[in-house]
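Close look at the chain arrangement
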Amino acid sequence: MALVGFFDILGTKDAVINDQFGDLVALDFVGHVGLAAKHFPSLRFAVFSDSVIVSANEEEDLLFLQAVQYMYGQWYADFIFVRGGIADGEIRWVDYKPADELFNACSNLMYARIYGKGLVIANEIEQRSGSGAITFLTESAANRLSAINPNSVLPGTTPMLCWASEREASMLVGYLKIHLEHMPNNGPGRRHALATLYYWEQVLSQKKFLPDFNQLQSG
């Protein structure tokens, strides 16, 4: 079974309607996915609009965790808040060489042919698991990631992915507290911010930290 992640930018629709979403956000969001794909060539990546799909074969769970850790670290550094769902299950990337060779020459066409139960479940858990810029996990995905690093999973009614170093988690708690001071007292934005702050406070209190990815790379 593959590990399958579905991720999208939180609040894109409202940001677009209110003219708060632009080309730089889209470029930064996708650019970090491109760098992850370059660094982890055995994984599969696809991007559409503000959504990303990532998958890894069973023997690549550590690479999957590292790729997601890298992308989240870069997204948060650019204040791009992303929500996600991770499941384990079937995913099919439909590669068909005759069509690929024919249509890749079309500069006005970009596509990825993907389907599978694992992708459906990852998308569903992202959509229905509550508020916050958090990545939610199925129990089976949580068990696989915990086997790689117990600190990668924050337990709960729905388990959540932990991807940050202690330094990153502390910085994000501080940022979110300041951010909330300048937000309206109601609305979905505040609800998401409160849920995200609570998540990071739990990460800190339970010491669910991963090694700093940049330090791992330099080492």
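Conventions and cut-offs
- Residues numbered from 1 in each chain as written.
- Predicted model: local features only at pLDDT ≥ 70, side-chain atom pairs only at ≥ 80, totals over all residues.
- Heavy atoms only, no water.
- Helix = DSSP H or I, 4+ residues; strand = E, 2+ residues; numbered from the N terminus.
- Rg over C-alpha atoms; globule rule 2.2 N^0.38 Å.
- Buried < 20%, exposed > 50% of the residue type's maximum accessible area, 1.4 Å probe, protein only.
- Salt bridge = Lys/Arg side-chain N within 4 Å of Asp/Glu carboxyl O.
- Phe/Tyr/Trp six-rings, centres within 6.5 Å; stacked < 30°, edge-to-face > 60°.
- Core = buried A, V, L, I, M, F, W, Y, C linked by side-chain atoms within 4.5 Å.
- Contact = heavy atoms within 4.5 Å.
- Pairing = 2+ DSSP bridges.

1. Details of the overall build of the protein chain
- For the protein chain, the helix and strand inventory stands at nine helices and nine strands.
- Here the C-alpha atoms of the protein chain give a radius of gyration of 17 Å, agreeing with the 17 Å that 2.2 N^0.38 yields for 219 residues.
- Projected onto its principal axes, the C-alpha positions of the protein chain cover 55 × 45 × 35 Å.
- Of all 219 residues assigned to the protein chain, the portion counted as buried reaches 47%.

2. A closer look at the pattern of salt bridges
- Taken as a whole, this structure holds seven salt bridges when the rule is applied.
- Between Asp95 and Arg44 there is a salt bridge whose closest N-O contact spans 3.2 Å. A residue pair is termed long-range when its members are at least 10 positions apart, and Asp95 in the loop between β5 (92-93) and α4 (97-103) and Arg44 in strand β2 (residues 44-48) qualify at 51 residues.
- Take Asp95: its relative accessible area is 52%, and that puts it in the exposed class.
- Arg83 serves as the salt-bridge partner of Glu126, at 3.5 Å between the closest nitrogen and oxygen. Note that Glu126 is positioned in helix α5 (residues 117-128) and Arg83 in strand β4 (residues 82-89), a separation of 43 residues in sequence.
- Given the relative accessible area of 5%, Arg83 is considered buried.

3. Structural notes on unusual backbone geometry
- Its identity is not glycine, yet Asp19 carries a phi of approximately 55 degrees, on the positive side.
- Here Asp19 lies in the loop between α1 (12-17) and α2 (23-39).
- One non-glycine residue, Ser49, lies in the positive phi region at around 55 degrees.
- Tracing the chain through its elements places Ser49 in the loop between β2 and β3 (51-56).

4. Looking at the packing of aromatic side chains
- Using the criterion set out here, one finds 13 aromatic pairs in the structure.
- Taking 5.1 Å as the distance between ring centres and 90 degrees as the angle between the ring planes, the aromatic pair formed by Tyr76 and Phe81 counts as edge-to-face. Each member of the pair Tyr76 and Phe81 is classed as buried.
- Judged by centre distance (4.9 Å) and plane angle (40 degrees), the rings of Phe79 and Tyr175 are tilted. You can see Phe79 sitting in the loop between α3 (61-77) and β4 and its partner Tyr175 sitting in helix α7 (residues 166-181), a full 96 residues away along the chain.
- An aromatic cluster is present here, built from Phe7, Phe29, Tyr72, Trp75, Tyr76, Phe79, Phe81, Trp163, Tyr175, Tyr199 and Trp200 joined pairwise through their rings.

5. With respect to the nonpolar core
- Phe7, Phe45, Met71, Trp75, Trp163, Tyr199 and Trp200 are the most contacted members of the largest nonpolar core, which totals 54 residues.
- Among the elements that take part in this core, α3 stands out by supplying nine residues, more than any other.
- Not counting the four nearest positions on each side in its chain, Trp163 is found in contact with Gln69, Tyr72, Gly73, Tyr76, Glu168, Leu172, Tyr199, Trp200 and Leu210.
- One finds Phe6, Ala87, Ile91 and Leu119 within the second-largest nonpolar core, a separate group that totals ten residues.

6. Focus: the side chain of Ser129
- Mapped onto the secondary structure, Ser129 falls in the loop between α5 and β7 (135-137).
- The contacts of Ser129, once residues within four sequence positions are left out, are Arg83, Phe136 and Thr158.

7. Let's talk about the pairing of β2
- Alignment of β2 against β3, held across five bridges, turns out to be antiparallel. Paired with Phe45 across the bridge in β3 is Val54.
- Hairpin connection between β2 and β3: a loop of two residues separates the two successive antiparallel strands, and Ser49 in this loop has a positive phi of roughly 55 degrees.

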